[in-house]
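Okay, here's what each chain looks like letter by letter:
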Amino acid sequence: MKALVISGGGSKGAFAGGVAQYLIDEKDNDYDIFVGTSTGSLMVSHLALGKLYELKAIYTTVNQRKIFSNNPFKISVINGERVARINHFNTVWNFLNKRKTFGESKNLRKFIKRYFTEAYFNTLKASKKDVVVTVSNFTTNAVEYKSIKECTYVDFCDWIWASCNYVPFMSLMKKNGCEYADGGFGSIVPIREAILRGATEVDAIILETEVNQMKRPETTNPFSLITNIFSFMLDNIERQNVTIGKLEAVHRNVKLNLYYTPTVLTTNSLVFDKKLMSQWWKDGLNHAREKQLAMNKLKDR
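The rules we used
- Residues numbered from 1 in each chain as written.
- Predicted model: local features only at pLDDT ≥ 70, side-chain atom pairs only at ≥ 80, totals over all residues.
- Heavy atoms only, no water.
- Axes fitted to C-alpha atoms, helices over the stretch in contact; angles between N-to-C directions.
- Helix = DSSP H or I, 4+ residues; strand = E, 2+ residues; numbered from the N terminus.
- Parallel < 35°, antiparallel > 145°, perpendicular 65-115°, else oblique.
- Left-handed = near helix turned anticlockwise from the far one by under 90°.
- Contact = heavy atoms within 4.5 Å.
- Nonpolar A, V, L, I, M, F, W, Y, C, P; charged D, E, K, R; others polar.
- Phe/Tyr/Trp six-rings, centres within 6.5 Å; stacked < 30°, edge-to-face > 60°.
- Buried < 20%, exposed > 50% of the residue type's maximum accessible area, 1.4 Å probe, protein only.
- Lys NZ or Arg CZ within 6 Å of the ring centre and 35° of its normal.
- Pairing = 2+ DSSP bridges.
- Right-handed = clockwise from strand over helix to strand, strands pointing away.
- Salt bridge = Lys/Arg side-chain N within 4 Å of Asp/Glu carboxyl O.
- Polar contact = N/O pair within 3.5 Å; in protein donor to acceptor, adjacent residues only side chain to side chain.

> Any chance you could explain the packing of helix H6 (residues 106-115) against helix H8 (residues 153-164) here in plain terms?
Two measures define how a pair of helices packs: the angle their axes make with one another and the distance between the axes. Interhelical geometry of H6 versus H8 gives an angle of 135 degrees and a closest axis separation of 10 Å. Looking at the two axes, H6 sits oblique to H8. You can see that H6 and H8 cross each other, and the crossing is right-handed. Contact with H6, carried on its side by Lys106, Leu108, Arg109, Ile112 and Lys113, involves Tyr153, Val154, Cys157, Asp158, Ile160, Trp161 and Cys164 of H8 and no other residues of that element. Here the contact of H6 with H8 is built from residues that sort into eight nonpolar, no polar and four charged.

> Would you explain the packing of aromatic side chains in this entry?
Each aromatic ring pair is described using two quantities: the centre-to-centre distance and the angle formed by the ring planes. For the structure shown, the criterion picks out 18 aromatic pairs. Centroid distance tyrosine 31 to phenylalanine 34: 5.8 Å. Interplanar angle 70 degrees. Geometry classified as edge-to-face. This pair shows no difference in class: tyrosine 31 is buried, exactly as phenylalanine 34 is. With a centroid separation of 6.5 Å and 80 degrees between ring planes, the pair formed by phenylalanine 116 and phenylalanine 121 is classed as edge-to-face. On the accessibility criterion, phenylalanine 116 (3% relative accessible area) is buried. Counting every residue linked through ring pairs, the aromatic cluster contains Phe68, Phe73, Phe95, Phe102, Phe138, Tyr166, Phe169, Phe185 and Phe230. When the ring centre of tryptophan 159 is taken as reference, the NZ or CZ atom of lysine 146 above it lies at 4.3 Å. Against the face of tyrosine 259 rests lysine 291, its NZ or CZ located 5.3 Å from the ring centre.

> What's the story with unusual backbone geometry in this structure? I'm lost.
With the exception of glycine, the majority of residues adopt a negative phi angle, and the majority of peptide bonds are in the trans configuration. The step from valine 167 to proline 168 runs through a cis peptide bond, and the omega angle for that step is 5 degrees. With respect to the helices and strands, the residue proline 168 is situated in the loop between H8 and strand E7 (173-175). Phi at serine 38 is positive, roughly 55 degrees, even though this residue is not glycine. Tracing the backbone shows serine 38 in the loop between strand E2 (33-37) and helix H2 (39-49). Residue classification places serine 38 among the buried positions, given a relative accessible area of 7%. The backbone of asparagine 176 sits at a positive phi, close to 55 degrees, despite the residue not being glycine. Position of asparagine 176 among the secondary structure elements: in the loop between E7 and strand E8 (178-182).

> Explain the pairing of E2 here, please?
Every other side chain in a regular strand lies on the same face of the sheet, so the side chains alternate between the two faces. Burial analysis of E2 places five of its five residues in the buried class, which makes it a mostly covered element. Burial along E2 is two-sided: the residues Ile33, Val35 and Thr37 and Phe34 and Gly36 are all buried. Alignment of strand E1 (residues 2-6) against E2, held across four bridges, turns out to be parallel. Looking across to E2, one finds that leucine 4 is bridged to phenylalanine 34. Crossover handedness for the path E1 to helix H1 (residues 13-26) to E2: right-handed. Note: E2 against strand E5 (residues 130-137), five bridges, orientation parallel. Opposite phenylalanine 34, over in E5, you have valine 131 as the bridge partner.

> Please clarify how the pattern of salt bridges should be interpreted in this entry.
Think of it this way: side chains of opposite charge can pair up when their charged atoms draw near. A complete count under the given rule lists twelve salt bridges for this structure. A salt bridge links arginine 109 to aspartate 158; its shortest N-O distance comes to 2.8 Å. Note that arginine 109 is positioned in helix H6 and aspartate 158 in helix H8, a separation of 49 residues in sequence. No difference in accessibility class separates arginine 109 from aspartate 158, as the two residues are buried. Its salt-bridge partner being aspartate 158, residue lysine 175 comes within 2.8 Å of it at the nearest N-O pair.

> What is the right way to look at the environment of serine 41 in this model?
Along the chain, serine 41 falls in helix H2. Spatially, the C-alpha atoms of serine 41 and isoleucine 205 are 12 Å apart, while their sequence positions differ by 164 residues. Apart from residues lying up to four places away in sequence, serine 41 is in contact with Gly36, Val133, Ile160, Ser163 and Cys164. Engagement of the side chain of serine 41 in a polar contact is seen with the side chain of serine 163, the distance being 3.4 Å.

Given below as structure tokens:
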């Protein structure tokens, strides 16, 4: 059984889309299991359905308004680069309305239902493919994996949304008496879960560089400090997930193929820029092609 795993990474999911396009459309890989975290959870259903170009259209036209109902960021261009700063008015408005987070991502919930229809859900549920999304349960302090086989349409849309909610900048979902948020807080690269579900070969797309290539900018306010703290924690969770995945693959004799980003794509993956994301999709496709060519050359030696 083959599995495709896509890590979290916000807007960098566009790069993962390009890699997935190569693996499915050009390499003709037929996957039985799809496991995603955060932005990966948004992608896996369309990939399992074979709707690559519909997914590409989504990821290359999305913007901040389609994600945030109350955006905690102000985006400005400094020296040709997009920089995110705190939107004081929106965050204060959230606090005055007794919200638990700096921003709200209710538009993303509508976006998910618009593009992942109930007809799509029924088609996938009736198929042999298993589609799984990762969520963090803050109430029970546990990571949970939600399979489409075990959910209703409404529930599965909720789990996709929860998996993407990078709190405290996005919404905190309350469901079944528990509080849920981004699956990346516990399992940003769920390789081990794919193996435990029976995968004998795993292609994992990891939306970070294999080796750290940058120093984080100096913090300028509490908001940027929180961002840097979370980035630090998630980078280390990602490395641990990959290490555990590699060990599990060796233990169970599973073939594991890793696809990292070759360069740092962005320092804030909650900034959704259509032009950049269109380029990242192309970059992901070209990177996967080049990686395969390099592997072929090694085999020929």
